Amino acid sequence: MSSFSYDFSVLGGDARQVFLAEMLAESGRSLCHYALASQPNNCSSVSEHVSIVREAPSLEEACIHSGSVICPFPFTKNGADVSVENSIYRFSIQTLLHLLRPGQSLFAGGIPPSFKKEAAENNVAVFDYADDISLPVYNSISTAEGAICEAILHSPFNLHKSRCAVLGFGKCGHSIVYRLKGLSANVSVFTDNAEESARASVIADKSSGIVFGNSMFHHRVAPVFDIKNQTIINQRA
């Protein structure tokens, strides 16, 4: 759209948004950014195009001058504010919605249905990464590597031959179990879903059905584990 000064505005999020801004700049696109985790490099020197990368002084300036606004994945963590790493840049999803103009496009992951509905009523095109069925599978790889990294950092034991419990066997659970087995861990999966339990039994050493929130599990099973978080537990060898 000729009425916009920039092709894209990149807002908030973590390092992935910074990398995205740099990739867009390398492709020769003009963009402004606001509330990023760090300053992106201006990559125009590696491109034959003249790329413009500018930090907007305010959220309003970032929104009104770009045809496409790119927000993070997840779009919001608390249901009220756009995800940002630095709280001094915090802004609500409603504030953002009111700044968007007809004809603009917004990209983000995990956008609340109410936001989508109101944006559509204002003739703002909304594209939700979470609607791509392949993305959660690829995203589970990062989750799995992060969970295993935390287990290694906080456990006094090697993962090799240690007994690890994974709670749930969805996309993330599957990725975690697959990688733990690659590290020669002894893996047990706990899930209250019969189908998940059956699938887990194919690659895990053990698969057990539990009811999450069951006090017996928390009082009799959890205490024998060294690391307790929502995804992976490393048990004493």
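Check the entry above for the structure.
No experiment lies behind these values; they were computed from the predicted model shown. (Residues numbered from 1 in each chain as written. Predicted model: local features only at pLDDT ≥ 70, side-chain atom pairs only at ≥ 80, totals over all residues. Heavy atoms only, no water.)

Student: For the packing of aromatic side chains, give the residues involved together with the corresponding values.
Tutor: Considering all chains together, one arrives at five aromatic pairs under this definition. Relative to Phe 127, the ring of Phe 107 lies with its centre 4.8 Å away and its plane at 15°, an arrangement referred to as stacked. Of this pair, Phe 107 sits in strand E5 (residues 105-108) while Phe 127 sits in strand E6 (residues 125-128), placing them 20 residues apart in sequence. On the basis of relative accessibility, which here comes to 42%, the residue Phe 127 falls in the partly exposed class. Of the aromatic side chains, those joined through ring pairs into one cluster are Tyr 34, Tyr 89 and Phe 91. (Phe/Tyr/Trp six-rings, centres within 6.5 Å; stacked < 30°, edge-to-face > 60°. Helix = DSSP H or I, 4+ residues; strand = E, 2+ residues; numbered from the N terminus. Buried < 20%, exposed > 50% of the residue type's maximum accessible area, 1.4 Å probe, protein only.)

Student: Outline unusual backbone geometry, supporting the account with residue identities and numerical values.
Tutor: In the segment running from Phe 73 into Pro 74, the intervening peptide bond is cis, with an omega of 5°. Here Pro 74 shows up in the loop between strand E4 (66-70) and helix H3 (93-99). Although it is not a glycine, Ala 35 adopts a positive phi angle of roughly 65°. Locating Ala 35 in the fold gives a position in the loop between strand E2 (31-34) and strand E3 (53-55). Residue Ala 35 is classed as buried on the basis of its relative accessible area of 4%.

Student: Describe in detail the packing of helix H5 (residues 135-154) against helix H6 (residues 171-182), supporting the description with residues and values.
Tutor: It is the contact of H5 with H6, at a shortest axis distance of 8 Å, that shows an interaxial angle of 50°. Considering the angle they form, H5 stands oblique to H6. For H5 against H6, the interelement crossing comes out right-handed. Contacts between H5 and H6 involve Pro 136, Val 137, Ser 140, Ile 141, Thr 143, Ala 144, Ala 147 and Ile 148 on the former and, on the latter, Lys 171, Cys 172, Ser 175, Ile 176, Arg 179 and Leu 180. (Axes fitted to C-alpha atoms, helices over the stretch in contact; angles between N-to-C directions. Parallel < 35°, antiparallel > 145°, perpendicular 65-115°, else oblique. Left-handed = near helix turned anticlockwise from the far one by under 90°. Contact = heavy atoms within 4.5 Å.)

Student: Hey, could you go over the environment of Ile 141 for me, with residue numbers and the actual values?
Tutor: Tracing the backbone shows Ile 141 in helix H5. For Ile 141, a relative accessible area of 30% corresponds to the partly exposed category. For Ile 141, the contacting residues outside a window of four places in its chain are Ser 175 and Arg 179.

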